[in-house]
Amino acid sequence: MNNTETNKSSLLILIALCLGWTLIYADRTSLYPLLSVIGKDFNLSSTLLGTITGSYFLVYVAMQIPAGMLADKIGKKKLLIITFLIAGTGLLSFGLFARSYFLLLLFTALHGLGAGAFYPCAYGIMMNATDSKNWGISAAIINLGMSLGLVIGLAISGPLYLKFKSYSGIFTALGLFTILTALVFTKILPNADKISKDSLKSFPLIKILKNKNFLFITLAQFCALYEYWTAVTWGATFFQEERGISMQLAGLFVAIVGISAVLPSLFIGRISDKFGRKKIALMLFPLGAFTIFLMTYARSAFSIILCLVAYGIVGKSSWDPIAVAWAGNHAAAIDKDAMGTAMGIFNFIGMMSAVVAPIITGYLKDITGSLVSAYYVAAAMSILGGLLIFFVEDEA
């Protein structure tokens, strides 16, 4: 296969993985504008509502390391397809059968169980299919699915609910699309894993965690994602209840974060491949904190939109391709045959923020009557992430 054919094949793989992220993010974020509706239907407090999203992320996060290790053992493509089908089934069941708070938690957790294998499998496949010199831009292409899914999920759920007065059809349709995407993976993704006898015997968890550079990048990812999930999970509720924005527009406002991140994330991913990761990361973290802080003072629709656009440009979405490529570079230097495991560890620690952030945010709202203090905590976490980056070496 010549270079042109190889590049076309790699791009098709990246587009398929981008589609996967689009569905996962649309699946999860379509819930957020509907939290207040679900809360009224089931008479739930803000803390219990936060626990619904927390249950998803608890199982999602718990899957990261086992899925990463299993992907290295049985093959990333095989595991990705099986677990994507589980994710679709969980969401389909949420739409059709969730008639109690217990079932809401159960089917949300089932979706998280299936979605939890995507990260280590997808980025493990990416690192096998592309040159390490292009990991930043490759990760940015896959990450476009996060922004697209964020926009789709937040933009459609509120208006569709207001039109049909029901949210079950939204989750049913998304569940079916998720199942169909698993079938797309069977045709496009490569069977490229080389499973050695040594890899079947070893689980290099301790060796990976003992690497200071990998660990600090991962902890910085936790901080970036804490800030992100605070803004995204509760943003629609914040704009509805404290800024007087309608349900139809509140989800669209939060979706601005995804829209404004598309081009900057590609640009930043590319220049990080060319000029290094550390200097760019050290600029992004304090800027991200500043934009989140400013959201608490924005009152008019115009000022809120400006803050959301700014956060989309300098926040988590632009840091993500740097984080994946940078962590991957250091992980490859540790053990190139354990990239699924390494990415599982990376996303396990990073996504723990998604378990605690919605619950802590809901708790702060319950005790203060406002989400402003939660946004202050999110900004402080971003500053902490920037401090951690100081201790990371640019090159593996």
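None of these values were measured; they are calculated from a predicted model.

**Q** Summarise the overall build of the chain; cite the residues concerned and give the values.
**A** Secondary structure assignment for the chain yields 17 helices and zero strands. Compactness check: the chain gives a C-alpha radius of gyration of 20 Å against a globular reference of 21 Å for 396 residues, within 12% of the reference. Along the three orthogonal principal directions, the C-alpha set of the chain runs to about 55 × 45 × 40 Å. Burial analysis of the chain (396 residues in total) assigns 60% to the buried set. Look at the contacts in the chain between residues 6 or more apart in sequence, and 85% of them connect residues 24 or more apart. With an accessible surface of roughly 15300 Å², the chain has 70% of that area assigned to carbon and sulfur atoms. Positive and negative side-chain charges of the chain, numbering 28 and 18 respectively, have mean locations separated by a distance of 3 Å.

**Q** If you had to explain unusual backbone geometry to someone new, which residues and values would you point to?
**A** With a phi angle near 55 degrees, Asn 43 is a residue other than glycine that sits in the positive phi range. Within the secondary structure, Asn 43 is located in the loop between helix 2 (35–42) and helix 3 (46–74). In this structure, Lys 165 takes a positive phi of about 60 degrees despite not being glycine. Position of Lys 165 among the secondary structure elements: in the loop between helix 7 (135–164) and helix 8 (168–188). Given the relative accessible area of 59%, Lys 165 is considered exposed.

**Q** Pulling in residues and values, what's your account of the nonpolar core?
**A** Core analysis: the biggest nonpolar cluster contains 132 residues, and Trp 21, Tyr 123, Trp 229 and Trp 319 have the highest contact counts within it. Broken down by element, this core gets its largest block of residues, 16 residues, from helix 11 (residues 212–243). Not counting residues within four places of it along the chain, the set of residues in contact with Trp 319 comprises Ile 217, Ala 220, Gln 221, Ala 224, Ala 281, Leu 284, Phe 285, Trp 326 and Ile 389.

**Q** Account for the side chain of Arg 243, with residues named and values stated.
**A** The residue Arg 243 is located in helix 11 in this model. Buried and without a salt bridge, Arg 243 has Glu 242 as its closest oppositely charged side chain, separated by 4.5 Å.

**Q** A description of the environment of Tyr 376 should follow, citing residues and the corresponding values.
**A** Mapped onto the secondary structure, Tyr 376 falls in helix 17 (residues 372–389). For Tyr 376 and Phe 97, which are 279 residues apart along the polypeptide, the C-alpha to C-alpha distance reads 38 Å. When near neighbours in sequence (up to four residues on either side) are disregarded, Tyr 376 contacts Phe 293, Thr 296 and Tyr 297.

**Q** Explain the packing of aromatic side chains to me, and be specific about the residues and the numbers.
**A** What the rule picks out here adds up to 27 aromatic pairs. When the ring of Tyr 119 is compared with that of Phe 346, the centres are 6.1 Å apart and the planes differ by 35 degrees; the resulting orientation is tilted. Separated by 227 residues along the polypeptide, Tyr 119 in helix 6 (residues 118–129) and Phe 346 in helix 16 (residues 339–368) bring together distant segments of the chain. Across from the ring centre of Phe 164, 5.8 Å away, lies the NZ or CZ of Lys 163, which sits over that ring.

**Q** Before we move on, can you summarise the domain arrangement of the chain with the specific residues and values?
**A** Many structure descriptions define interface size as the accessible area lost when the parts assemble. Domains assigned within the chain are domain 1 (1–191) and domain 2 (203–395). Counting from both sides, the interface comprises 53 residues of domain 1 and, opposite them, 58 residues of domain 2. Of the roughly 4500 Å² buried between domain 1 and domain 2 on both sides combined, carbon and sulfur atoms contribute 71%. Looking only at domain 1, the three residues that lose the most surface to domain 2 are Val 61, Ile 65 and Tyr 119, adding up to 12% of its buried area. Between the two partners, domain 1 and domain 2, sit zero salt bridges. Elements represented by at least two residues in the side of domain 1 that touches domain 2 include exactly helix 1 (3–29), helix 2, helix 3, helix 6 and helix 7. With 18 residues, helix 7 is the single largest residue contributor to the side of domain 1 that touches domain 2. Residue composition of the side of domain 1 that touches domain 2, grouped by class: 31 nonpolar, 17 polar and five charged.

The rules behind each value
Along each chain, residues carry numbers from 1 onward, in the same order as the chain's sequence is written. The model is predicted, so local features are restricted to residues of pLDDT at least 70 and side-chain atom pairs to those at 80 or more, both for listing and for counting; the totals for chains, interfaces and linings are taken over all residues. Side-chain measures here rest on the full set of heavy atoms in the structure, leaving out hydrogens and waters. Think of it this way: any DSSP run of H or I at least four residues long counts as a helix, any run of E at least two long counts as a strand, and we number them from the N terminus. Taken over C-alpha atoms, the radius of gyration is set against a globule rule of 2.2 Å times the number of residues to the power 0.38. Categorising residues by exposure relies on relative accessible area from a 1.4 Å probe, with only protein chains included: less than 20% of the type maximum marks a residue as buried, more than 50% marks it as exposed, and the intermediate range marks it as partly exposed. Residues count as neighbours in contact if any of their non-hydrogen atoms are within 4.5 Å of one another. Method for areas: the Shrake-Rupley scheme with a 1.4 Å probe, in which residue coverage is limited to the protein chains shown. Charge counting treats Lys and Arg as positive and Asp and Glu as negative, with His and both chain ends excluded. By convention, the charge on Lys lies at NZ, on Arg at CZ, on Asp at CG and on Glu at CD. For the purposes of this section, nonpolar cores are sets of buried Ala, Val, Leu, Ile, Met, Phe, Trp, Tyr and Cys residues that join through side-chain atoms within 4.5 Å. Salt bridge criterion: a side-chain nitrogen from Lys or Arg within 4 Å of a carboxyl oxygen from Asp or Glu. Any pair of Phe, Tyr and Trp rings, taking the six-membered ring for Trp, is counted once the centres come within 6.5 Å. Such a pair is stacked with planes under 30 degrees apart, edge-to-face with planes over 60 apart, and tilted for the rest. We call a charge positioned over a ring when the NZ of a Lys or the CZ of an Arg lies within 6 Å of the ring centre and within 35 degrees of the ring normal. Domain extents, as shown, originate in an automatic or database domain assignment. The buried area of a pairing is the accessible area, by a 1.4 Å probe, that goes missing from both parts when the two are put together, added over both. Note on residue classes: Ala, Val, Leu, Ile, Met, Phe, Trp, Tyr, Cys and Pro are nonpolar, Asp, Glu, Lys and Arg are charged, and everything else, Gly too, is polar.

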